[in-house]
Amino acid sequence: MSTHFTHRRTFLRGASAGGLALLGGSLPLAAARAAAPEAGDDPWRQARAIADRLKMPVKFRKVDYKVTDFGAAPCELVPVKAWISFEDQETVKTPASGSKDCYEAIRSAIARCHAEGGGRVVIPKGDWFCAGPIVLLSNVNVHLQAGAHVYFSNDPRDYAKYGDVDCGAAGRLVVSRWQSNDCLNFSSMIYAHNQHNIALTGDDWTAILDGQGGVPFAGSSDCWWTWKGKNATINSVAQDKSPNYVPGKLAQNQPNPNNPKSLAEIAPGLSDEKRRLIEGEGDKWRADDAFLPALSEAGVPLQQRVFGLGHYLRPPMIHLVGCTGVLLQGYQVTHTPFWQHHPVACRDLAIRNVYANSLGPNSDGFDPESCDGVLVEGCQFDTGDDCIAIKAGKNLDTQFGPSQNIVIQKCIMHSGHGAVTLGSEMSAGIQHVYAQDLVFQNKNWATNPLNIAIRLKTNMNRGGFLRHFYVRNVSIPNGVQTSPSFYATLPGSPIPDRSVAAAAGGVITFDCDYTPRADNVRIRPPEVSNVHISNVKVGNVTTKDGKKFSSYQAIVILGPVAFDYNGPNPRPDVLPVRDITITDCDFGTPSNLDKPWFLYNVRNMKLNNVTIAGKKVNTTLSA
């Protein structure tokens, strides 16, 4: 493969030992922000200061550039049978064959706007077909008017045409992160790299960005979502099948013959011992979703982490890398191939009044990663995975530091794995996160319930830390999933299979043993401390058998499992989850009322004025 760098020759400059820096010579994250809160400060005063600072992080010239002036034309739509979720199909509309491709018109409008000092690029009301990424540039606001519906091509080849890095047969790719590992991959539908003062906005939720994730590829019954492959959750209620996937079909979690048969081929300097640890048993490590983390563990530089064509790592819908001063506001995003919004190493970002509406595999609503200064306000989430999931790198890709100074407020969550989630990819740590005044409506509770309300997930591979996490004023009128779901544990683990409902069923779940079988290298114990949750009110629903329940369990705290460690001796300290306070909460009636909470490796968890099944609890727990 010949790798040629065109416009961003400096994107490897300043790299870590593995050569993995994405942002060239300038990092937007300081090692420690001067504005970072002090431990003794009132947390909600700090949250208010962050929110006030991010009310309007951008400013533009008052000049409009209409894409129709650059050759864009609306398209005709035709019906097509498509997947709208993991298991459901409906007839939807898609651009007719031969529709005008507006990629070049939108690209030209953005380039002109940027070159002339910035302003607003306007996509008018109508249906528009775009066979390539919309790439944001500094000082440009791409704005969708009410009734504007952009249908992005569902042909993966269209996102391997225009990237800055020529990767030969894999296509022209972009600098990206996939599940928190650096790589060269398909472009997202909306992309920005190292830009400043940018915005993506809409008049209202009739302004739609449509990734067509469930629309079959031309000449195939597969779609973007098929690439998910087989799911691993045990006893899931919904969201357990990938559309059109059958065993043996190539997907992200199936060994890919395009990947080397041994890490020695791509990382010849590895010792045999380390190579065997990373590869594990068999060839599962050759699946794309395991091969990329293996490259990180092996210290393989970014320019050799080539995916794109011939691989199965779906791009996020909106992917912003190393940007400062970002506004996302007032539109709807739907049917996304992968995560809906994924800002990485961004600073001063506000997402406001956005409807994140995609029920496909891994359709997380908003996943800020190693970002500093984020406001999520007034958004609504109906997702096929976590509604909000805060990330911070994985394996050795931690060079951008923690996610921090994040405020989530006045949002509504429906379907999803977790409403507010931390992790699982959090190797560089998460701190100073504030979530308040939220409604976890869970409107689809009977058929596709919210799995967990407040969630942490990490393990002995992803490690990292969570500290200074504050939650208050949360209404959960329809509870969460009332039956348990599980992840498989390691053979011989002190945590038997199907014994801890860490995958679904808890209102508050901290899982420090998340899918341990997925990671061959397990050498980084996580650390969780200083979590404060108050005024969470959970309602009951009437189940099929006529009983009224709010959840399976109120609280599930599975601390780090020392057994899982497989690195050299001496083993690092494996610390308990500690200093957790849960105050003034009513958890309704869990279906597992004989055991309303589960604790393992936990110290000093205080329950003050907590109500479970109508009974008050005031106690301090350790296990």
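Residues numbered from 1 in each chain as written. Predicted model: local features only at pLDDT ≥ 70, side-chain atom pairs only at ≥ 80, totals over all residues. Heavy atoms only, no water.

Chemist: Explain the pattern of salt bridges to me, please; I cannot follow it from the model alone.
Modeler: Once their charged atoms are close, side chains differing in charge can pair, the charge on each being opposite to the other. By the definition in use, this model includes 23 salt bridges. Across the salt bridge formed by Asp397 and Arg305, the nearest N and O atoms sit 2.9 Å from each other. Of this pair, Asp397 sits in the loop between strand E24 (388–390) and strand E25 (403–409) while Arg305 sits in the loop between helix H4 (288–297) and strand E16 (318–321), placing them 92 residues apart in sequence. Like Arg305, Asp397 is buried. Residues participating in the shared-partner salt-bridge network are Arg177, Asp182 and Glu369. (Salt bridge = Lys/Arg side-chain N within 4 Å of Asp/Glu carboxyl O. Helix = DSSP H or I, 4+ residues; strand = E, 2+ residues; numbered from the N terminus. Buried < 20%, exposed > 50% of the residue type's maximum accessible area, 1.4 Å probe, protein only.)

Chemist: Just checking my understanding: could you explain the pairing of strand E6 (residues 126–130) for this structure?
Modeler: Moving residue by residue along a regular strand, the side chains alternate between the two faces of the sheet. Among the five residues that make up E6, four are buried, leaving the element largely enclosed by the rest of the structure. One ladder, built from five bridges, connects E6 with strand E9 (residues 148–152); its direction is parallel. Residue pairing for E9: Gly126 is matched across the bridge by Ala148. (Pairing = 2+ DSSP bridges.)

Chemist: Is there a simple way to think about the packing of aromatic side chains in this case?
Modeler: The relative placement of two aromatic rings is captured by the distance of their centres and the angle of their planes. According to the stated counting rule, one finds 17 aromatic pairs in the structure shown. Where Trp44 meets Tyr434, the ring centres are 6.1 Å apart and the plane angle is 65°; that geometry is what we call edge-to-face. Highlighted residues: Trp44 in helix H1 (residues 43–53) and Tyr434 in strand E28 (residues 430–440), separated in sequence by 390 residues. Residue Trp44 shares its accessibility class with Tyr434, and that shared class is buried. Between Phe338 and Trp339, the aromatic rings sit 5.2 Å apart at their centres with planes inclined by 15°, giving stacked as the arrangement. Among the residues examined, Trp339 registers a relative accessible area of 2% and is labelled buried. Each member of the aromatic cluster is reached from another via a ring pair, and the members are Tyr159, Phe186, Phe217, Trp224, Trp227 and Tyr312. For the cation-ring pair, Arg472 lies above Trp44, with the distance from its terminal atom to the ring centre recorded as 4.2 Å. (Phe/Tyr/Trp six-rings, centres within 6.5 Å; stacked < 30°, edge-to-face > 60°. Lys NZ or Arg CZ within 6 Å of the ring centre and 35° of its normal.)

Chemist: Sorry if this is basic, but what is going on with the sheet that holds E16 here?
Modeler: One key point about sheets: their strands pair by backbone hydrogen bonds, in either a parallel or an antiparallel sense. The sheet built from four strands is open, its strands ordered E7-E13-E16-E19 with parallel pairing. Single-partner strands in this sheet number two, and they are strand E7 (134–135) and strand E19 (341–344). Inspection of the sheet shows E16 paired to E19 by four bridges, in the parallel sense. Note on E19: the bridge partner recorded for Leu320 is Pro343.

Chemist: Just checking my understanding: could you explain the environment of Thr620 for this structure?
Modeler: Mapped onto the elements of the fold, Thr620 is located in strand E39 (residues 615–621). Look past the residues within four positions of Thr620 in its chain and what remains in contact with it is Asn604, Met605 and Lys606. (Contact = heavy atoms within 4.5 Å.)

Chemist: Is there a simple way to think about the state of the cysteines in this case?
Modeler: Each disulfide is one covalent bond, formed between the sulfur atoms of two cysteines. This structure, assessed with the given rule, holds zero disulfides. Left unpaired, Cys167 is separated from the closest cysteine sulfur, that of Cys183, by 10 Å. A relative accessible area of 1% means that Cys167 is categorised as buried. (Disulfide = S-S within 2.5 Å.)

Chemist: How do you make sense of the sheet that holds strand E29 (residues 452–457) when you look at a structure like this?
Modeler: Pairing is parallel across the open sheet formed by six strands, whose spatial order is E24-E27-E29-E31-E35-E37. Looking at which strands have only one partner, the edges of the open sheet turn out to be E24 and strand E37 (597–600). Mean inter-strand twist for the sheet, computed between neighbouring axes without regard to direction, equals 5°. Note that strand E27 (residues 418–423) and E29 share five bridges and pair parallel. Bridge pairing in E29 links Gly418 to Ile452. (Axes fitted to C-alpha atoms, helices over the stretch in contact; angles between N-to-C directions.)

Chemist: How do you make sense of the nonpolar core when you look at a structure like this?
Modeler: Most often, soluble globular proteins keep nonpolar side chains buried together rather than apart. Counting residues in each nonpolar core, the largest one holds 122 residues, and the members touching the most others are Phe440 and Phe587. Filtering out sequence-adjacent residues up to four positions away, Phe440 remains in contact with Met413, Ala419, Val420, Leu450, Ala453, Ile454, Val474, Ser475, Ile476 and Pro477. Counting residues in each nonpolar core, the second largest holds 19 residues, with Ile278, Phe291, Leu292 and Phe338 among its members. (Core = buried A, V, L, I, M, F, W, Y, C linked by side-chain atoms within 4.5 Å.)

Chemist: Looking at this structure, how should I read the confidence of the model for the chain?
Modeler: Caution applies to low-pLDDT regions: their predicted coordinates should not be interpreted in detail. Counting all residues, the mean pLDDT for the chain is 93, and 94% of those residues have values of 70 or more. Within the model, pLDDT remains below 50 along residues 1–35, and this stretch shows 99 contacts once partners closer than five positions in the same chain are excluded. (pLDDT = per-residue confidence, 0-100.)

Chemist: How should the side chain of Thr515 be read in this particular structure?
Modeler: One can find Thr515 in the loop between strand E31 (506–511) and strand E32 (527–538). In contact with Thr515, other than residues within four places in its own chain, are Asn459, Arg462 and Tyr487.

Chemist: Help me understand unusual backbone geometry in this model?
Modeler: Cis geometry marks the peptide bond from Gly423 to Ser424; its omega dihedral reads 5°. Turning to its location among the elements, Ser424 is positioned in the loop between E27 and E28. For Asn604, which is not glycine, the phi dihedral falls at a positive 65°. Along the chain, Asn604 falls in strand E38 (residues 602–612). Using a relative accessible area of 25% as the deciding quantity, one classes Asn604 as partly exposed.

Chemist: Would you mind showing me how to read the environment of Asp42 here?
Modeler: Relative to the assigned elements, Asp42 resides in the loop between strand E1 (4–5) and H1. Among the polar contacts made by the side chain of Asp42, one reaches the main-chain amide nitrogen of Trp44 at a distance of 3.1 Å. (Polar contact = N/O pair within 3.5 Å; in protein donor to acceptor, adjacent residues only side chain to side chain.)

Chemist: When you look at the pairing of strand E13 (residues 190–193) in this model, what are you seeing that I'm missing?
Modeler: Of the two faces of E13, the one carrying Ile190 and Ala192 and the one carrying Tyr191 and His193 are both buried. Sheet topology places E7 next to E13; two bridges connect them, and they run parallel. From the neighbouring strand, Ile134 faces E13, where its bridge partner is Ile190. Of the strand pairs in this sheet, E13 and E16 are connected by four bridges, and their pairing is parallel. Residue pairing in the sheet places Ala192 in a bridge with Leu320 of E16.

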